[in-house]
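# A look at the structure
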Amino acid sequence: MTSIQSLADQIAERVIGPLLSGASVRPVASIGSRRAFALANEEPVAGGQIGLEIAAARLRAARKLLPLDSLPELSPGEWLLASALNDLLQSTNPTLGRLWGHRRRRRLLEMATAMIERAGAPTTLGEALARYCTFGGCDQLVREDTHLSWWSGSRSFPGTRPPRRLLFWPRLRRVRMQRDAVPLSEMAAPASSEQYAEVLAAWVGASPLSDLASLARQTPEFRWTGASLALLSVPPGRTLAQRVIERSTSQARAAAVMRRAAERLPGDHGEARRSALSFADELEQCRWSEPVGPFGAVA
Amino acid sequence: MGDLERVAVHQTRLRVPGVGLDARGVVLGARGLVLLPSLDRLVAFLAVYTQQHSLSSMVESLRIEVVCSGLGTRELALSFAASSSGRLDRISEVARLTGGFTFTGTSRHYIQFRDAGAPFGYDAREITATDASLVLYHTTFTQVYETQRELDLRLLLLQLMLHPDPGQSGGEGPLWVLAEPGLGPSLLAYLSRSGVDAQVGMVEWPPTTAFDEQPVRRFLFRVSRLPARMRSLLRSTPGISAFEPAAQGVAVEQGHAHPITLRACPVFKPEDLVLFRGGGAPPLEVKPLGVLAELSSVQRAQVRIEEVPSSGRPVQDGAADIRVPIRLAPSSSPLRRVEASLVALDELGRLRRLAYLLTPEALRTTRIAVTKLGAFLIRDAGIEALPLGRLYRQIHPSIYVPSGLEVVPAVSSDVLFGALGAPEGRLLFFQPAGGVLAVQSDRFLPLQEALLQPEQWTLVSAAQFDEVLSTELPRVELEPLGILPLRNAKSEDD
C-alpha cells in the first residue's frame, strides 16, 4: 500500500468518516500541501468498511435535498479540502509548542490556504452537492475543551483529555472539571485567530452549499463568493440553496444576512449584487421548499 | 224552364245520357262541370272554393278547358269527378257566388245540377245530337261547345299575380330567404352570429337574357324560426327577399298573398320550390330544391395555431365561398364559473405556494397537466381556489374558452367541436390571440399526485449505523504531535 493510499485511509477513517457519522474527529499528523497535492493527484478511493460508511452517509445527506441513487467517490477537491480541514484543526493543537507554535500555526494555515486554493470552487452542481454532503456537518464540529482545577492549580486541555493522574482523589484534591464545546470558528489560538478565521472562511467558501447552510454563523461572517453566486445562477442551484438554508435557519434571518453581505460587494459588481438581492427576496417570499424535478423544471 | 224539366220524386228514367240518381235521388253524373264566363271568374271560383275546401280530392280528375261556343264566345269549363251530390252542392254554391253554372254529366252531355227550384235535379226534354265535345243543358240555354285548349292548374297558379297583404308579414314561423350573391355571406354570418337555426344553399337559374353568360345565382336560406326583430330588417334590405311557406314546395313573398289558397292546391311537388314574388315579378322555380346545408356546417373553423399569413385559396370560377372564420369576441353576458386555467411557467412558483393552502377536496378534484407552455388546471366544480393564470370556462366537455370571451359565430358547442375536427382524447383551449391548444386528456392527473415527488430509493449496501436520533455530534480530539509536529507537513516549495 502506497503512502498516499495509507494517508487517504487515515484521513477517511479519522477525519471524513467521523465527521459524517458524528464520532470523534482525530486529525492525522499535519499533512502539508505537498502530500495533499499528491493525494489529490492520486485520486484515492476510501476503501474498506469506512469507505462504505462514508458513501452511505454522503448519500443519506444528499437524499435530504433531492432524490439520488448514488454519489461519485470523493473527488480530488474533496481530498484537498479534507486535508486542509485536517491541518486547520491541527493548527489549533496546543502541542504545537509554545516557543515555535505561532510560526508552526502560521505555516500550517498557509499550507491549508494553498490546499484550499488548489481545490478551488466547485465547477458543477454535482460537485457542490458532493462537497456539501461530505463537509456539511462541519458547522456542528466542536472541540471539547476541558478546564480542570484542583487544589493547587488549574489547567486547560483543549481538545484533549486531561491525564488521569490529575483526576485522582477528586474530593481530597478538590478537582473540578468543566467542559466547554468550542465551535470550529473559535478553536484558534488567540495569536493566530485572525489568520485562522481567514483560512476557515476560505475553506467554508470552497463548499458554497455548506457556506449558505451556515450563513447565520457568527464567525466567519458570511460573505458572497464567486462560488456561491455561481451556484445561484442556475435554477437547480437556487433550489438546493433554498433547501439547505431552510434546514438550517429561518428564511427571514438568512435573507437579512444575505442582504448585508450583498451590500458589502464591491461597487463594480452590480449584477452580482442584484443576483444576491433577488435570491434574498425570493427566499423571503418563499416559505416552503420547492421540489426540483419535472414539476419544477418545465422548460 | 226552357228545355229542361224537373226530376220528380222516385223518377228513375232520365233522358240525359250518363246521369242517374244517387242515393238521395239527385240527378248525378260521373263528373261535375262548372262553366265560368272568364278567367277571372275562374280565379275567383278557385279562390273562394279553396278558402273552405281543398282540391286534393279532385285534383287528379280536375280539368280546366277553354271552350268555344258556336257563337264564338269563349268560356271556361272546369270539370272534375263528381263523386257525390254533396260535393256538387258545395261547388254549385261557390259557382253561384262567382257567376258560374254547375252541371253534371259523364262525357259530352251535361245537365244543370239541382238547385232550389229542382231539388232532385233536371232532365232534358230533348238531347241535342252533335259531335261537339261538350253540350250543356241549362234552364236558360242549351249550348254546344268545342274544347279549344286545356289550362294547367299549376301553370294558372304560377301566372297569377300576388296582391299586397300586409297581414301576411307577421309571426316567427319558418321562412325562406333569398339573397343576392353579394349579401349572402353577410347574411349567413349575421344569422350564424345570432344563433338562428337555418340552412343555406345556392340556387341558380338560366340567364335572363342572351347577353348574360352566367346563370342567375342566389343564396337561399331556409330559416326555421326568425326572430321578429330580424323580419323588418330582411324586408327592408334591398337584395333580400323573404318568403313565407304557403304549402309544401311553395312560398309567397312576405307582405303579399296569392289569390288562391295554395295550401289547398296540391299541384306543386314537395321536392321543388316555387317562390311567388310580389310586385308583378314572375315566380321563381327551383327544380329540384337541391342540397341545403346547416349554417354551422358551412362555416369552417379557420383556426391559426401560429401567426402565419393566410394562403388565400382562390375561389373557383363562378363559386362563392361562404365559410367564415371562428373568432373570439368580448362577451356581454355575466361572468360565469371558470373551470380551468393556464398558469404560465413563470407563475409556477406561486402555484406551488398556493398548493399548500388548498383543501384536500380541492387537491383531489383539481387536475393538472404540465406542458412547455405552462400548467393547465381543470376543476369541474370551479377553479376559483387557484386564481392564477388565464381563466377558462367550459363550453363543451372538450372545449374551453377564455373567460370573458365568447366564440363567434355563436354556433352550438357540438358543432364547434365537430368543426375543430372532433379530436378524440384531447381538450381544446382557445387562445385570446388566436389559435387553439390541444392537450391530451390522459396527461391530466390529480394535483395531489403531481405535487409530491416520488422518492427514488435504492438498496444501499448493508452497514450498521447508529440511529439517527442518537447520532452524536462530531468532536475534535487533538492528539499530541510530538517533538517535530510538522515533520511531514511540507509545502511544494520545501
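Just above, that's the structure.
So, here's what we can say about the structure. (Residues numbered from 1 in each chain as written. Chains lettered and ligands numbered in written order. Predicted model: local features only at pLDDT ≥ 70, side-chain atom pairs only at ≥ 80, totals over all residues. Heavy atoms only, no water.)

### Considering the nonpolar core
Rules: Residue types Ala, Val, Leu, Ile, Met, Phe, Trp, Tyr and Cys, when buried and joined through side-chain atoms within 4.5 Å, form a set referred to as a nonpolar core. Residue exposure (1.4 Å probe, protein chains only): buried if accessible area is under 20% of the type maximum, exposed if over 50%, otherwise partly exposed. Runs of E in the DSSP output that reach at least two residues are strands. Runs of H or I that reach at least four are helices, and both are numbered from the N terminus. Here, two residues are considered to be in contact whenever any of their heavy atoms come within 4.5 Å of each other.
Within the largest apolar cluster, 55 residues are counted, with the highest numbers of intra-cluster contacts made by Ile11(A), Trp79(A) and Trp203(A). Every element with two or more residues in this core is listed here: α1 (3-21), α2 (32-42), α3 (48-62), α4 (76-90), α5 (101-119) and α7 (193-205) of chain A. With 9 residues, α1(A) is the largest single contributor of residues to this core. The contact partners of Trp79(A), leaving out residues within four places of it in the chain, are Ala8(A), Ile11(A), Ala12(A), Ile16(A), Leu39(A), Pro44(A), Ala46(A) and Leu74(A). Counting 41 residues, the second-largest nonpolar core is a separate cluster that includes Val34(B), Tyr49(B), Val94(B) and Ala95(B).

### Let's talk about the side chain of Thr98(B)
Residue position: Thr98(B) is located in helix α2 (residues 85-98). The residues contacting Thr98(B), other than those within four sequence positions of it, are Leu36(B), Arg41(B), Ala44(B), Phe45(B) and Val48(B).

### Quick notes on unusual backbone geometry
Geometrically, the link from Thr219(A) to Pro220(A) is a cis peptide bond, its omega value of -15° lying close to zero. Along the polypeptide, Pro220(A) turns up in the loop between α8 (208-213) and α9 (226-232). Backbone geometry places Arg174(A), a non-glycine residue, at a positive phi of 50°. Inspection of the secondary structure assignment puts Arg174(A) in the loop between β3 (153-158) and β4 (176-183). Of note, Ser83(B) is a non-glycine position whose phi angle comes to about 60°, a positive value. Structurally, Ser83(B) can be placed in the loop between β6 (74-81) and α2. Exposure remark for Ser83(B): the relative accessible area of 57% places this residue in the exposed category.

### Digging into the side chain of Ser24(A)
Condition: Two N or O atoms form a polar contact when they lie within 3.5 Å of each other; inside protein one atom must be a possible hydrogen donor and the other a possible acceptor, and for residues adjacent in sequence the pair counts only when both atoms belong to side chains.
Within the secondary structure, Ser24(A) sits in strand β1 (residues 24-25). A distance of 3.1 Å separates polar atoms of two side chains, one belonging to Ser24(A) and the other to Glu477(B). With residues near it in sequence (within four places) discarded, Ser24(A) still touches Arg14(A), Pro18(A), Arg475(B) and Glu477(B).

### Details of the packing of aromatic side chains
Residues and elements named next belong to chain B. The condition is simple: Only rings of Phe, Tyr and Trp enter the pairing, Trp through its six-membered ring, and a pair is recorded when the two centres are within 6.5 Å. The plane angle decides the type: under 30 degrees is stacked, over 60 is edge-to-face, the rest tilted.
According to the stated counting rule, one finds 10 aromatic pairs over all chains in the structure shown. Pairing Tyr 400 with Phe 429 gives two aromatic rings, centres 4.9 Å apart and planes at 10°, and the pair type is stacked. Of this pair, Tyr 400 sits in strand β27 (residues 399-402) while Phe 429 sits in strand β29 (residues 426-430); the two residues are 29 residues apart in sequence, bridging distant segments of the chain. Comparing Tyr 400 with Phe 429 shows no difference in burial state: the two are buried. An aromatic cluster is built from Phe 376, Tyr 392, Tyr 400 and Phe 429, whose rings are joined through pairwise contacts.

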